[in-house]
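In case you want the letters, here they are:
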Amino acid sequence: MAELARLEYANAEVETEKRKRIELYKICIDTANKSLAVNPDEVGALYWKAIAMGKLSEETGILNAFRMTRAMERLFLRVITLNENYDHAGGHKALGRMYYKLPSFPISFGSNEKALFHLKKAYELYPNDIIVRAFYAELLFDMGQKHEARKHAEFILATSVEKENNFRYHRFIEIARNIVKKDKFLMAR
């Protein structure tokens, strides 16, 4: 069932029609819940449920996002506790990204320090992962560590990606390109 949730999530990611994409994320969450009813410690079900919740919240607006973030945080922390290596440190990557993107107190519980902890841990576990490097570089750049951020961005841009993975990695390569562009702009000033 957890593997089915992963596949449903993958289908949602390539769906171009928003209404259908939202429905597929909901189906992924339902499938993950069925898996968790059988085994509450099923790492894959915990992870794909949380990921689908995140994507669903992005699709349905900020109020839904704020309602789901604490539940997502608990799920990702559970994933890390059970298997921090799952999906290339996916729990660390997701928490790092979530803490980075959320506003801080009093609006929400975003925290660059927590984001840095989780993204650094994901980078230590999977130093060649393009997604880890993109998220880590973006955070470092915003924290003023522009030289270190650019190193990660340049690593991404120098990494060859197979044609069949272009769709999957496109947005992370764009993050790297933007960091290099912003850094060049700042250096030219």
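Preceding this section is the structure that the text describes.
Values in this document were obtained by computation on a predicted structure and should not be read as measured data.

(A) Molecular detail of the overall build of the protein. When helices and strands are counted, the protein shows nine helices and zero strands. When its helices and strands are written in sequence order, the protein yields α-α-α-α-α-α-α-α-α. Relative to the 2.2 N^0.38 estimate, which gives 16 Å for 189 residues, the radius of gyration of the protein is 17 Å and therefore close to what a compact globule would have. C-alpha atoms of the protein, sized along the principal axes, occupy 55 × 40 × 30 Å. Taken across its 189 residues, the protein has 46% of its residues classed as buried.

(B) Expanded view of unusual backbone geometry. Positive phi, close to 50°, is recorded for D87, a residue that is not glycine. Residue placement: D87 occurs in helix 5 (residues 86–101). One non-glycine residue with positive phi stands out, namely A89, at about 60°. By secondary structure assignment, the location of A89 is in helix 5. For A89, a relative accessible area of 0% gives the class buried.

(C) Fine view of the nonpolar core. In this structure, Y9, W48, I51, F76, F172 and I179 are the most contacted members of the largest nonpolar core, which totals 54 residues. Take this core: its biggest share by element is 10 residues, from helix 3 (residues 43–60).

(D) Structural view of the packing of helix 5 against helix 7 (residues 130–142). One way to put it is that helix 5 packs onto helix 7 with a least axis distance of 10 Å and a crossing angle of 25°. On the basis of the axis angle, helix 5 is roughly parallel to helix 7. The interaxial crossing formed by helix 5 with helix 7 has left-handed handedness. On helix 7, the residues touching H88, K93, R97, Y100 and K101 of helix 5 are I131, V132, F135, E138, L139 and D142. Classifying every residue of the contact of helix 5 with helix 7 gives five nonpolar, one polar and five charged.

(E) How the structure looks around helix 8 (residues 146–158). Relative to the 18 Å expected for 13 residues at 1.5 Å per residue, helix 8 spans 18 Å between its end C-alpha atoms, a close match to the ideal helical length. Those residues of helix 8 not exposed but buried are A149, R150, H152, A153 and I156. Seen end-on, helix 8 carries its buried residues on one side only, within an arc spanning 160°. More than 90 degrees from the buried face of helix 8, the exposed residues found are H147 and A158.

(F) Region of interest: the pattern of salt bridges. Under the criterion given, the structure shown has 13 salt bridges. Linking R78 and D41 is a salt bridge whose minimum nitrogen-to-oxygen distance equals 2.4 Å. One end of the pair, R78, is in helix 4 (residues 62–83); the other, D41, is in the loop between helix 2 (18–38) and helix 3, and 37 residues separate them in sequence. Residue classification places D41 among the partly exposed positions, given a relative accessible area of 37%. For K93, the salt bridge identified is with D129, shortest N-O distance 3.3 Å. Taken together, the residues K93 in helix 5 and D129 in the loop between helix 6 (112–125) and helix 7 connect sequence positions 36 residues apart. On the accessibility criterion, D129 (11% relative accessible area) is buried. If you follow the salt bridges from partner to partner, you end up with E13, K55 and E58 in one network.

Parameters at a glance
Residues numbered from 1 in each chain as written. Predicted model: local features only at pLDDT ≥ 70, side-chain atom pairs only at ≥ 80, totals over all residues. Heavy atoms only, no water. Helix = DSSP H or I, 4+ residues; strand = E, 2+ residues; numbered from the N terminus. Rg over C-alpha atoms; globule rule 2.2 N^0.38 Å. Buried < 20%, exposed > 50% of the residue type's maximum accessible area, 1.4 Å probe, protein only. Core = buried A, V, L, I, M, F, W, Y, C linked by side-chain atoms within 4.5 Å. Axes fitted to C-alpha atoms, helices over the stretch in contact; angles between N-to-C directions. Parallel < 35°, antiparallel > 145°, perpendicular 65-115°, else oblique. Left-handed = near helix turned anticlockwise from the far one by under 90°. Contact = heavy atoms within 4.5 Å. Nonpolar A, V, L, I, M, F, W, Y, C, P; charged D, E, K, R; others polar. Expected span 1.5 Å × (residues − 1). Arc of directions from axis to C-beta. Salt bridge = Lys/Arg side-chain N within 4 Å of Asp/Glu carboxyl O.

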